[in-house]
Amino acid sequence: MRHLLGIEGWRRDELESLLDRAKAHLPGGADTTHVLRGKVVANLFFEDSTRTRTSFHMAAKGLGASVLNWTHTGSSVSKGETLLDTARNIEATGPAAIVMRHRSSGAPHLVAKHVKCAVINAGDGTHEHPSQALLDAFTLRQRWGALDGRTVLIVGDVRHSRVARSNLLCLRALGARVVLCGPPTLIPPGLEDMGAEVTHNLDAALPQADAVMCLRIQLERQEQSFVPSTREYARLFGLNAAREERMKADAVVMHPGPINRGVELAPAVADGPRSVILEQVSNGVAVRRAILEVCAA
Amino acid sequence: MSSTVLFRRGRVIDPRNGVDGVRDVLVRDGKVVEVSEALLPVPSSAEVVDAAGKWVLPGFIDLHVHLREPGEEGKETVLTGCRAAVAGGFTAVVAMPNTKVVNDNAMVTELVLNRARAAALCHVYPAGAITKGLKGEELAEMGELVSAGCVAITDDGRPVMNASLMRRTLQYATMFDVPVMVHEEDLTLSAGGAMHEGAVSTRLGLRGIPASAEVAMVARDLVLLEETKGRLHVAHVSCEGSVRLIREAKQRGLRVTCEVAPHHFILDDRAVGDYDTHAKMAPPLRADSDVLALREALVDGTVDAIATDHAPHGVLDKLVEFEKGINGIVGLETALGLTLELVHAGVLTANRAVELLTHGPAKAFGLPGGHLAPGAPADVTVVDPDVEWTVDAHQFLSRSRNTPFHGRKQKGRVIQTWVSGLKVFDKGQVGQSKESR
Ligand SMILES: [Zn+2]
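Residues numbered from 1 in each chain as written. Chains lettered and ligands numbered in written order. Predicted model: local features only at pLDDT ≥ 70, side-chain atom pairs only at ≥ 80, totals over all residues. Heavy atoms only, no water.

Another point: the overall build of chain B. Looking only at helices and strands, chain B has 14 helices and 19 strands in total. Taken over C-alpha atoms, the radius of gyration comes to 21 Å for chain B, in line with the 22 Å a tight globule of 437 residues would show. When contacts within chain B are restricted to residue pairs at least 6 apart in sequence, those whose partners lie at least 24 apart make up 74%. As displayed, chain B offers around 15,800 Å² of accessible surface, 51% of which is attributable to carbon and sulfur atoms. Distance between charge centroids for chain B: 2 Å, based on 47 positive and 56 negative side chains. (Helix = DSSP H or I, 4+ residues; strand = E, 2+ residues; numbered from the N terminus. Rg over C-alpha atoms; globule rule 2.2 N^0.38 Å. Contact = heavy atoms within 4.5 Å. Areas by Shrake-Rupley, 256 points an atom, 1.4 Å probe, with all protein chains shown as cover. Lys, Arg positive; Asp, Glu negative; His and termini not counted. Charge placed at Lys NZ, Arg CZ, Asp CG, Glu CD.)

Next comes the structure, spelled out in structure tokens:
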């Protein structure tokens, strides 16, 4: 039993062995339906995420587990019922793992301290989203073999992005160089301490990148004036056809989805030959099977 | 009934009166009678305290304590707060007005004073609210609050965001010569923040509170202070920028005082660790450079007082997601040990440390006590400077246990506390000895 609360706390060799395992879970791989047979995986989602929840659900089913889905979004958690109450109730059903999505950073850490089963973070607040980072790294390894010496450029709302944090940690651990790019209002302090380079000039950074990962811009954040408008954001940080020409010939384009087409990514780029976005999605299940295998088996 | 106590051969540290050496201290009828280098004869019926090897200090004064009564007696009451206070060597505390019935009128002030009288342990000085209901809209009746016994006015727990209202507060308060105590936090800068904004908040993905949320408000209030010729006390200063502004204002002769809480000069934002809500407070634990700046300011006189911001909360208030965790930690019973850490580290002299706990706060608020000259109140704290012990939150006399210091090793501890010549705390036991009453 092992928790996956974040990429933080996992060593390079552990991450690599998990990614190696994920290969066996690709379609057409070995029969793994016995791995979690007779066990329960609880999906505990306090924030809606059809993609991630479905992906974990399919992964657990594929390993022979039964899945308990518990979804409680928004303000519907009854007053006075705490996160720990809910987690302990779920724990009472005897799951091998709790897969948890929550809008508060650190919520899975709190649960992990108080339950006996494995806790797998499926996204906590603006902190980490480790399974996304692992499937991204898996996708890049499929292309490149190793990540050493490669440069990954992550563009967008780094401040509010758990995908950015987990990817930064994961890609750095696997030997890649990570450049983060966005307007200063969306770049929090101290990212250099986590091994990143920071720039606000996308055009200057593009030619060095072997992969460009665009982050979803939360349109509602405009209210807080992090950026003046999505139009201006697209002008300064959107990956369009003109910018695509500045990229290395074999550089790839990634996006964790869902895409705001025409804002962070021009449709032609998102659907173009550089895009590995659909591979990211299909690799998700294999990587999550490996995560469940390592944590819950 | 008269009572006489002779503290025999302790190291008396009394910064206000320039005393630091082995002395006998004689107290009678609640007052200090004599402090002598020579051995004093033992008066008949005197209780003798053998203080050899111990420190005999003026009782500590805490300018910033939340006693939670009225309204949240499950967290603390005036009585339990006073028990915690004397266990920590404090003989006087200033009680913040943000109780669940706000202390914005004389009835609440009197209730607190009555409870304190009934507890009969240490001096409790209520602070009244600046604005009715702490809403930041209308001034509370300051004159009534002061005549009922309030020694300061403050909306502590929240800032006065309206600059015009703050300006009038400072002006109006000059009639009563009470300090206006301010919790400096620009809510538009701190909004939604759960901890200090820096590398740690970025790593943890928590919304940060920039230092500017405090510094900008300190700057604003110093500007207003200069214009109004008022008296300002900045509560729980947490960062370098504030310290720099206050230091400069003092040099220019403005009537500004300030306090720093032990957690802010001991811990930095890394103490949040794995989302430990026991490290969640307002203002938040800052960067290590801020901690160093606070320590310098403690040394050079910019800081007037060490104040605990004792903030008791229940277990469930902390057993939640970090963002939901309630702010604050208890502080009365750990303040001395944490202050002595700076003495052991060579940052503060023993003399300066004692000054920050005694004369400094007394002077800032114009309170009695804080020193041991003949005629001063016989409020005395006896400390064993060498005893090593471990903080155990389960042993706290406070009704609450919320502290990040549980399990921390300390050197130096309060062994006795005397208030008005009466022994109210002795080796872990609270209560006035019947004989001495
Ligand atoms: Zn306070």
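All names here are of chain B. Every protein donor of the zinc ion is accounted for by H64 (NE2), H66 (NE2), D156 (OD) and D309 (OD), and the metal-donor separations fall at 2.0 to 2.5 Å. For the zinc ion, the four donor atoms in the first shell make angles of 80 to 166 degrees at the metal, so the coordination geometry reads as irregular. Taking the relative accessible area as the measure of exposure, D156 reaches 3% and is therefore buried. (Donors = N, O, S within 2.8 Å, 3.2 Å for Na, K, Ca; no water. Tetrahedral: all angles 85-135°; square planar, octahedral: opposite > 155°, others 65-115°. Buried < 20%, exposed > 50% of the residue type's maximum accessible area, 1.4 Å probe, protein only.)

What follows deals with the domain arrangement of chain B. Residue and element names in this part refer to chain B. Domain annotation of chain B identifies domain 1 (4-56 + 376-430) and domain 2 (59-365). Placing the centre of domain 1 and that of domain 2 at their C-alpha centroids yields a distance of 25 Å. In this assembly, 39 residues from domain 1 lie in contact with 47 residues from domain 2. Interface of domain 1 and domain 2: buried area, both sides summed, is about 3,400 Å²; carbon and sulfur atoms make up 64% of it. The three residues of domain 1 that bury the most area against domain 2 are R399, N402 and F405, which together make up 20% of that side's buried surface. (Domains from an automatic or database assignment. Buried area = accessible area lost by both parts, 1.4 Å probe.)

Let us now look at the pattern of salt bridges. As enumerated under the stated definition, the model contains 45 salt bridges over all chains in all. The shortest N-O distance in the salt bridge between E248(B) and R252(B) comes to 3.3 Å. For R252(B), a relative accessible area of 43% corresponds to the partly exposed category. Close ionic contact of K423(B) with D426(B) constitutes a salt bridge, the shortest N to O distance being 3.4 Å. Salt bridges linked by common partners bring R2(A), R11(A), D13(A) and E14(A) together as one network. (Salt bridge = Lys/Arg side-chain N within 4 Å of Asp/Glu carboxyl O.)

The subject of this paragraph is the sheet that holds strand β3 (residues 97-102) of chain A. Residue and element names in this part refer to chain A. A sheet is described by the order of its strands in space; here four strands give the open sequence β2-β1-β3-β4, paired in parallel fashion. Where the open sheet ends on each side, the last strands, each with one partner, are β2 (66-71) and β4 (118-124). Each strand axis lies, on average, 15 degrees off the axis of its neighbour in the sheet, ignoring direction. Bridging between β3 and β4 involves five bridges; their strand directions are parallel. From the neighbouring strand, I98 faces β4, where its bridge partner is V119. Of the strands in this sheet, β1 (40-45), β3 and β4 are in contact with helix α11 (residues 277-296), which crosses β4 at around 145 degrees. (Pairing = 2+ DSSP bridges. Axes fitted to C-alpha atoms, helices over the stretch in contact; angles between N-to-C directions.)

A word on the domain arrangement of chain A. Residue and element names in this part refer to chain A. Each assigned domain of chain A is listed with its residue range as follows: domain 1 (12-127 + 281-296) and domain 2 (130-275). Here the C-alpha centre of domain 2 lies 26 Å away from the C-alpha centre of domain 1. Between domain 1 and domain 2, the contact holds 25 residues from the first and 22 residues from the second. Interface of domain 1 and domain 2: buried area, both sides summed, is about 1,900 Å²; carbon and sulfur atoms make up 59% of it. Contact with domain 2 buries surface across domain 1, with R12, L19 and T126 losing the most and accounting together for 30% of the total. At the boundary of domain 1 and domain 2, one finds three salt bridges. Between D20 and R141 there is a salt bridge whose closest N-O contact spans 3.1 Å. Run the count over domain 1 and domain 2 and you get nine residue pairs in polar contact (both at pLDDT 80 or more). Looking at the side of domain 1 that touches domain 2, the elements that each hand over two or more residues are α1 (12-24), α2 (50-62), β3, β4 and α11. Ranked by residues supplied to the side of domain 1 that touches domain 2, first place goes to α1 with eight residues. (Polar contact = N/O pair within 3.5 Å; in protein donor to acceptor, adjacent residues only side chain to side chain.)

Core analysis: the biggest nonpolar cluster contains 85 residues, and V124(B), L232(B), V234(B), V256(B) and L298(B) have the highest contact counts within it. Here this core spans two domains, and each of domain 1 (4-56 + 376-430) and domain 2 (59-365) of chain B adds at least three residues to it. Ranked by size, the runner-up nonpolar core spans 60 residues in total, among them I7(A), V67(A), A122(A) and C170(A). (Core = buried A, V, L, I, M, F, W, Y, C linked by side-chain atoms within 4.5 Å.)

Moving on: the UniProt feature "binding site: L-aspartate" (unreviewed entry) in chain A. All names here are of chain A. Using the residue numbers shown here, the UniProt feature "binding site: L-aspartate" (unreviewed entry) corresponds to K79, R162 and R216. Positionally, R216 belongs in the loop between β8 (211-214) and α8 (230-237). Its relative accessible area of 29% is what places R216 among the partly exposed residues. Separated by 3.0 Å, the side chain of R216 and the backbone oxygen of P258 make a polar contact. (UniProt positions renumbered as here; feature names shortened; annotations may be inferred.)

Residues and elements named next belong to chain B. On the UniProt side, "binding site: Zn(2+) 2" (unreviewed entry) is annotated at positions that read D156, H183 and H236 here. For this annotated set, covering 81 residues, all C-alpha atoms fall within 9.9 Å of each other, a compact arrangement in space. On the secondary structure map, H183 appears in the loop between β10 (180-182) and α5 (187-190). Classification of H183 as buried rests on a relative accessible area of 6%. In contact with H183, not counting residues within four places along its chain, are D156, G157, R158, P159, H236 and A282. Of note is the side chain of H183, whose polar atom sits 3.3 Å from the backbone nitrogen of G157. Along the chain, the position of H236 falls in the loop between β13 (232-234) and α8 (240-251).

Here the focus is the environment of C295(A). Residue and element names in this part refer to chain A. For C295, the position within the fold is in helix α11. The buried category is assigned to C295, whose relative accessible area is 0%. The spatial distance from the C-alpha of C295 to the C-alpha of V119 is 8.2 Å, given a sequence separation of 176 residues. Other than its neighbours up to four places away in sequence, C295 contacts M1, R2, H3, L4, W10, A118 and I120.

On to the packing of aromatic side chains. Here the structure, examined in full by the defined rule, presents five aromatic pairs over all chains. With 5.1 Å between their ring centres and 55 degrees between their planes, F46(A) and W70(A) make a pair best called tilted. Remark: W70(A) occurs in strand β2 and F46(A) occurs in the loop between β1 and α2; sequence separation between them is 24 residues. Exposure class is identical for F46(A) and W70(A). Each is buried. Above the face of the F56(A) ring, R288(A) is positioned so that its terminal group lies 5.0 Å from the ring centre. Taking NZ or CZ as reference, K280(B) lies 5.7 Å from the ring centre of F322(B), over its face. (Phe/Tyr/Trp six-rings, centres within 6.5 Å; stacked < 30°, edge-to-face > 60°. Lys NZ or Arg CZ within 6 Å of the ring centre and 35° of its normal.)

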